[in-house]
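Working through the structure, step by step
Chain residues, written in single-letter form:
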Amino acid sequence: MILETYQDDTAGDRHEFWMSMALEQAQKAALCGEIPVGAVLVRDNLLLAATGNSPIGRQDPTAHAEILAIREAAGRIGNYRLPGTTLYVTLEPCIMCMGAVIQARIDTLVFGAHDPKTGAVESCYRIGSDALLNHTINLKGGILADACGALLKDFFRTKRREKK
């Protein structure tokens, strides 16, 4: 993997830059028949991992984009703890993924679209900000939310048409 960096210091632009990369990963996942969710993990504006959903292809229910990004980054840096990192994901993470974010000690989570059915950051649960655990996370939702949500809606619309 080519390590990419982001040079500008503007937070909003930085968030959109990395979320755009996560969207590319989501689009790749969709092309493989996976639910289009993508994730990138960065530290000091340096890309550590970029992944898309893959539970179907890997026959692994834990192969969500977030989990795969955490595994890849941990392997790259040689540590299961990832302090000082930011995880960008196109869809609000589920309970499993938020558990992994907590265990990895990720500092910041930035997500695109909200998930009203299983979202564990704001929609259904408040993991990471409810002060019930030993690690809290800086959270920012809604980055490129329209594009992230549209990708998911288009994917499921196509799937429903295929079933008819």
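Residues numbered from 1 in each chain as written. Predicted model: local features only at pLDDT ≥ 70, side-chain atom pairs only at ≥ 80, totals over all residues. Heavy atoms only, no water.

**Regarding the pairing of strand E1 (residues 38-43)**
Most of E1 sits inside the fold, with five of its six residues counted as buried. In this structure, E1 lies alongside strand E2 (residues 46-52), joined through six bridges in antiparallel fashion. Directly across from leucine 41, in E2, lies its bridge partner alanine 49. Counting the residues between successive antiparallel strands, the hairpin from E1 to E2 contains two residues, one of them, aspartate 44, with a positive phi of roughly 50°. As defined by bridge partners, E1 adjoins strand E3 (residues 85-91) across five bridges and the pair is classed as antiparallel. Along E3, the bridge assignment pairs alanine 39 with valine 89. (Buried < 20%, exposed > 50% of the residue type's maximum accessible area, 1.4 Å probe, protein only. Helix = DSSP H or I, 4+ residues; strand = E, 2+ residues; numbered from the N terminus. Pairing = 2+ DSSP bridges.)

**Regarding the side chain of aspartate 115**
Here aspartate 115 shows up in the loop between strand E4 (108-113) and strand E5 (138-140). The charged side chain of aspartate 115 is buried without a salt bridge, its nearest counter-charge being lysine 117 at 7.3 Å. Side-chain polar atoms of aspartate 115 contact the side chain of threonine 118, separated by 2.7 Å. (Lys, Arg positive; Asp, Glu negative; His and termini not counted. Salt bridge = Lys/Arg side-chain N within 4 Å of Asp/Glu carboxyl O. Polar contact = N/O pair within 3.5 Å; in protein donor to acceptor, adjacent residues only side chain to side chain.)

**Quick notes on helix H4 (residues 95-104)**
Listed as buried for H4 are Cys97, Met98, Ala100, Val101, Ile102 and Ala104. Positive backbone phi, at 60°, marks arginine 105, one or two positions downstream of H4.

**Some thoughts on the packing of aromatic side chains**
Applying the stated criterion across every chain, the model contains two aromatic pairs. Judged by centre distance (5.2 Å) and plane angle (80°), the rings of phenylalanine 155 and phenylalanine 156 are edge-to-face. On the accessibility criterion, phenylalanine 156 (33% relative accessible area) is partly exposed. (Phe/Tyr/Trp six-rings, centres within 6.5 Å; stacked < 30°, edge-to-face > 60°.)

**Focus: helix H5 (residues 145-163)**
An α-helix turns once every 3.6 residues. As a result, residues three or four positions apart point the same way. Taking 1.5 Å of rise per residue, the 19 residues of H5 would be expected to cover 27 Å, and the 27 Å separating its terminal C-alpha atoms lies within 8% of that figure. Taken together, the buried positions of H5 are occupied by Cys148, Gly149, Leu151, Leu152 and Phe155. Each buried residue of H5 lies within a common arc of 155° when the element is viewed along its axis, so the set occupies one face. Exposed and facing more than 90 degrees away from the buried side of H5 are Asp146, Lys153, Arg160 and Arg161. (Expected span 1.5 Å × (residues − 1). Arc of directions from axis to C-beta.)

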